[in-house]
Amino acid sequence: MSPLVTTLVVVLVVLVLLALALGVRIVKQYELGVLFRLGKVVGARPPGLHVIIPVVDVMRRVSLRIITMPIQSQGIITRDNVSVDVSAVAYFRVVDAVKSVVAIENVYVAIDQIAQTTLRKVVGQHTLDETLSETDRINQDIREILDVTTLDWGVEVTVVELKDIQLPDSMKRAMARQAEAEREKRAKIINAEGESMAAAALGDASDIMMEHPLALQLRNLQSLVEIGVDKNTTVVFPAPLMSTIGELGSFLAREATAAGVPSDRPAERRTDPVAAPPGFLPTPVVLPAATASNGTTAATPVTA
């Protein structure tokens with residue numbers, strides 16, 4: 001074989017190997033290949049080994065995995081005129097590889113920009129309290145608005161979450177004062193409800209003691225037991241004041257009737273004992289006596 005033929009064979013083999021190297025494409029499992037032939041879309045190619053015509057065919061590989069995109073913090077004025085800084089994060093994936101390549105130049109930059117504008121628009125329609133408490137509804141609204149636009153690009157937004165909400169320092173202090181006032185209000189309401197329930201229970205207890213006078217005496221004895229726990233030397237025994245005054249008046253009336261003294265004359269002293277009513281505590285009283293012959297009067301203490 002002549003040297004010229006050998007050279008031609010070597011050149012031909014090199015060209016074939018170069019064509020194979022340029023024409024072989026490998027599409028990974030999480031990708032789809034979009035094939036262009038002379039600038040026209042031929043179709044999508046599944047994962048695996050594919051051979052294309054060099055120079056004539058061009059293949060673009062598109063990832064089908066879910067992509068995490070942080071949305072930069074946006075200065076937003078809420079509906080109640082409060083300035084807040086809100087940041088979020090969006091998750092999206094390509095569902096139509098051909099549209100994601102043909103319909104838009106750079107789908108990632110486009111989604112980032114439209115996510116920022118949608119975040120400002122949706123949060124600006126809510127008050128500060130709604131933004132802080134209804135984040136799930138705001139996330140849903142942002143995702144639905146994004147899907148309307150991004151589906152034409154072959155992209156589906158799966159999740160949008162508000163990540164951080166920064167409030168001004170003055171608003172933080174105002175919210176702290178509001179929370180403190182709310183806690184004080186609940187504490188006062190609970191205290192008032194407790195006082196009302198205690199008053200109702202005391203009323204029921206007083207009704208029972210009126211029906212059973214000895215119950216009050218038993219309660220007094222219990223008080224003495226509680227006082228004596230600390231080994232006190234002074235014991236204060238409570239007595240029902242109003243009942244004592246009423247019984248004292250009845251006693252004086254009986255004394256005046258028994259002595260036959262008119263109502264306009266002072267009652268004389270009586271020495272015979274008078275039975276005390278049940279539950280009545282002896283109370284020292286001073287009764288006025290009749291005027292003596294020498295013009296002087298004497299008062300003698302009597303135990304009622």
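Note that the structure is a prediction, hence the values are computed from the model and not measured.

**Focus on the overall build of the protein chain**
In terms of regular secondary structure, the protein chain is built from eight helices and ten strands. Considering only contacts within the protein chain whose residues lie at least 6 apart along the sequence, 56% involve residues at least 24 apart.

**A word on the sheet that holds strand β6 (residues 67-77)**
The strands that make up a sheet pair up through hydrogen bonds in the backbone, lying either parallel or antiparallel. Spatial ordering of the open sheet is given by β6-β7-β8, a layout of three strands whose pairing is antiparallel. Both edges of this open sheet fall to β6 and β8 (155-166), since each of them pairs with a single strand only. Neighbour to neighbour, the strand axes of the sheet diverge by 25° on average, direction disregarded. Pairing of β6 with strand β7 (residues 83-94), which is carried by nine bridges, proceeds in the antiparallel orientation. When the sheet's bridge partners are listed, G75 is paired in β7 with D85.

**So, the sheet that holds strand β2 (residues 31-37)**
Within the open sheet, the three strands sit side by side as β3-β2-β5. Their pairing is antiparallel. Lying at the two open borders of the sheet, with one neighbouring strand each, are β3 (40-45) and β5 (57-63). Ignoring which end each strand starts from, the neighbouring axes of this sheet average 25° apart. In this sheet, β3 lies alongside β2 in antiparallel orientation, the contact comprising five bridges. Bridge pairing in β3 places L35 opposite G43.

**Things to note about the pattern of salt bridges**
The tally for this structure, following the rule as stated, stands at eight salt bridges. Put simply, E31 and R61 hold a salt bridge, and the shortest N to O gap is 4.0 Å. Placement of the pair is E31 in strand β2 and R61 in strand β5, with a sequence separation of 30 residues. Overall, the relative accessible area of 45% leaves R61 in the partly exposed class.

**Considering a nonpolar patch on the surface**
A cluster of nonpolar side chains, contributed by V5, V9, L12, V13, V16, L17, L20, V24, I26, L49 and V51, occupies part of the molecular surface with about 1000 Å² of accessible area. For the nonpolar patch, the secondary-structure elements that each account for two or more residues are α1 (3-23), β1 (24-27) and β4 (48-51). Top contributing element to the nonpolar patch by residue count: α1, with seven residues.

**Structural notes on the side chain of T78**
Summarising the element assignment, T78 is placed in the loop between β6 and β7. Among the polar contacts made by the side chain of T78, one reaches the side chain of D80 at a distance of 2.5 Å. Residues within four places of T78 in sequence aside, it is in contact with V84, V123, G124, H126, T127, L128 and T131.

**Overview of the nonpolar core**
Nonpolar side chains tend to gather and get buried jointly when the protein is soluble and globular. Counting 34 residues, the largest nonpolar core has V84, V86, I111, L119, I142, L146 and L162 as its most contacted members. Of all the secondary structure elements, the ones that give two or more residues to this core are β2, β6, β7, α2 (97-102), α3 (107-124), α5 (135-150) and β8. Every residue in contact with V86, bar those within four places of it in the chain, is listed here: Q72, S73, Q74, I76, L119, V123, L162, D164 and I165.

**Observations regarding the packing of aromatic side chains**
Under the definition given, this model contains one aromatic pair. Pairing F92 with Y108 gives two aromatic rings, centres 6.0 Å apart and planes at 45°, and the pair type is tilted. Residue F92 is found in strand β7, and its partner Y108 is found in helix α3; the two are separated by 16 residues along the sequence. Against the face of Y30 rests R65, its NZ or CZ located 3.8 Å from the ring centre.

**Let's talk about the confidence of the model for the protein chain**
Mean pLDDT over the protein chain works out to 78, with 78% of the residues at or above the 70 mark. For residues 263-304, every residue scores under 50 in pLDDT, and the model assigns this stretch 52 contacts once sequence neighbours within four places are set aside.

**What about α5?**
Relative to the 22 Å expected for 16 residues at 1.5 Å per residue, α5 spans 22 Å between its end C-alpha atoms, a close match to the ideal helical length. Buried positions along α5 lie against α3, α4 (128-133) and β8.

**Here we look at unusual backbone geometry**
At L38, a position not held by glycine, the phi torsion is positive, near 55°. You can see L38 is positioned in the loop between β2 and β3.

About the cut-offs
- Residues numbered from 1 in each chain as written.
- Predicted model: local features only at pLDDT ≥ 70, side-chain atom pairs only at ≥ 80, totals over all residues.
- Heavy atoms only, no water.
- Helix = DSSP H or I, 4+ residues; strand = E, 2+ residues; numbered from the N terminus.
- Contact = heavy atoms within 4.5 Å.
- Pairing = 2+ DSSP bridges.
- Axes fitted to C-alpha atoms, helices over the stretch in contact; angles between N-to-C directions.
- Salt bridge = Lys/Arg side-chain N within 4 Å of Asp/Glu carboxyl O.
- Buried < 20%, exposed > 50% of the residue type's maximum accessible area, 1.4 Å probe, protein only.
- Patch = residues over 30% accessible without salt bridge, like charges linked within 9 Å, V, L, I, M, F, W, Y side chains within 5 Å.
- Areas by Shrake-Rupley, 256 points an atom, 1.4 Å probe, with all protein chains shown as cover.
- Polar contact = N/O pair within 3.5 Å; in protein donor to acceptor, adjacent residues only side chain to side chain.
- Core = buried A, V, L, I, M, F, W, Y, C linked by side-chain atoms within 4.5 Å.
- Phe/Tyr/Trp six-rings, centres within 6.5 Å; stacked < 30°, edge-to-face > 60°.
- Lys NZ or Arg CZ within 6 Å of the ring centre and 35° of its normal.
- pLDDT = per-residue confidence, 0-100.
- Expected span 1.5 Å × (residues − 1).

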